[in-house]
Amino acid sequence: GGSIRVFSVSTEISGETGTESFRLGFKDTDGSAISPWHDIPLKGDKGYNMVVEIPKMTKAKMEIATKEESNPIAQDIKKGNLRDYHGPIFWNYGCLP
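Here is what the cut-offs are and how they apply
Residues numbered from 1 in each chain as written. Predicted model: local features only at pLDDT ≥ 70, side-chain atom pairs only at ≥ 80, totals over all residues. Heavy atoms only, no water. Helix = DSSP H or I, 4+ residues; strand = E, 2+ residues; numbered from the N terminus. Buried < 20%, exposed > 50% of the residue type's maximum accessible area, 1.4 Å probe, protein only. Contact = heavy atoms within 4.5 Å. Areas by Shrake-Rupley, 256 points an atom, 1.4 Å probe, with all protein chains shown as cover. Lys, Arg positive; Asp, Glu negative; His and termini not counted. Charge placed at Lys NZ, Arg CZ, Asp CG, Glu CD. Salt bridge = Lys/Arg side-chain N within 4 Å of Asp/Glu carboxyl O. Polar contact = N/O pair within 3.5 Å; in protein donor to acceptor, adjacent residues only side chain to side chain. Patch = residues over 30% accessible without salt bridge, like charges linked within 9 Å, V, L, I, M, F, W, Y side chains within 5 Å.

*Asks:* I would appreciate a short explanation of the overall build of the protein in the present structure.
*Replies:* Within the protein one finds 0 helices and 11 strands. Ordered by position from the N terminus, the helices and strands of the protein form the series β-β-β-β-β-β-β-β-β-β-β. Its C-alpha atoms give the protein principal-axis dimensions of about 55 × 30 × 20 Å. The 97 residues of the protein split such that 24% are buried. Residue pairs in contact within the protein that sit at least 24 positions apart in sequence constitute 54% of those at least 6 positions apart. Element-wise, carbon and sulfur atoms account for 51% of the exposed surface of the protein, whose accessible area totals about 6900 Å². When the 12 basic and 13 acidic side-chain charges of the protein are each reduced to a single mean position, those positions are 8 Å apart.

Structural data, given as structure tokens:
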């Protein structure tokens, strides 16, 4: 038989929700910062992994901060303002790592 690698991730919030300082960081089992974009494997044991940037029934336009170290999730800013959708979205929105 082959071995099965279980990939475990924890998250850590820094800054205040609803502000430009908010960040959702990702850590591996050792507590080291990882990138949800680069370090989480695409395939899991029972399917594919997904990084949820915007949980369903929320409206803040969150996204992986591709230009920041370890690529935390942050609220998108346009013309100096935090972006929101006009109402909540009805599905989990995100990306495949």
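Having seen the model, we can carry on.
*Asks:* Explain the pattern of salt bridges here, please?
*Replies:* Evaluated as defined, the whole model comprises 4 salt bridges. Among the ionic pairs, glutamate 68 bridges to arginine 23, the shortest N-O distance being 2.9 Å. Remark: arginine 23 occurs in strand β2 (residues 23-27) and glutamate 68 occurs in the loop between β7 (62-64) and β8 (73-75); sequence separation between them is 45 residues. Overall, the relative accessible area of 21% leaves arginine 23 in the partly exposed class. The partner of arginine 83 in a salt bridge is aspartate 76, with the nearest N and O atoms 2.7 Å apart. For aspartate 76, a relative accessible area of 12% corresponds to the buried category.

*Asks:* Got a minute to help me understand the side chain of serine 35 in this structure?
*Replies:* Along the chain, the position of serine 35 falls in the loop between β3 (33-34) and β4 (43-44). A polar atom in the side chain of serine 35 sits 3.0 Å from the backbone nitrogen of histidine 38. Reaching out from serine 35, the side chain makes a polar contact with the side chain of asparagine 71 at a distance of 2.6 Å.

*Asks:* When you look at the environment of cysteine 95 in this model, what are you seeing that I'm missing?
*Replies:* The residue cysteine 95 is located in strand β11 (residues 93-95) in this model. Distance in space between the C-alpha atoms of cysteine 95 and glutamine 75 is 15 Å, their sequence separation being 20 residues. Sequence-distant contacts of cysteine 95, that is, excluding residues within four places in its chain, are made with Met50, Val51, Glu53 and Ile64.

*Asks:* Teacher, can you tell me more about a nonpolar patch on the surface here?
*Replies:* On the surface, a cluster of nonpolar side chains totalling about 490 Å² of accessible area is made up of Leu42, Tyr48, Met50, Val52 and Leu96. With respect to the secondary-structure elements, tyrosine 48 resides in strand β5 (residues 47-48). Note on tyrosine 48: relative accessible area 56%, which makes it exposed.

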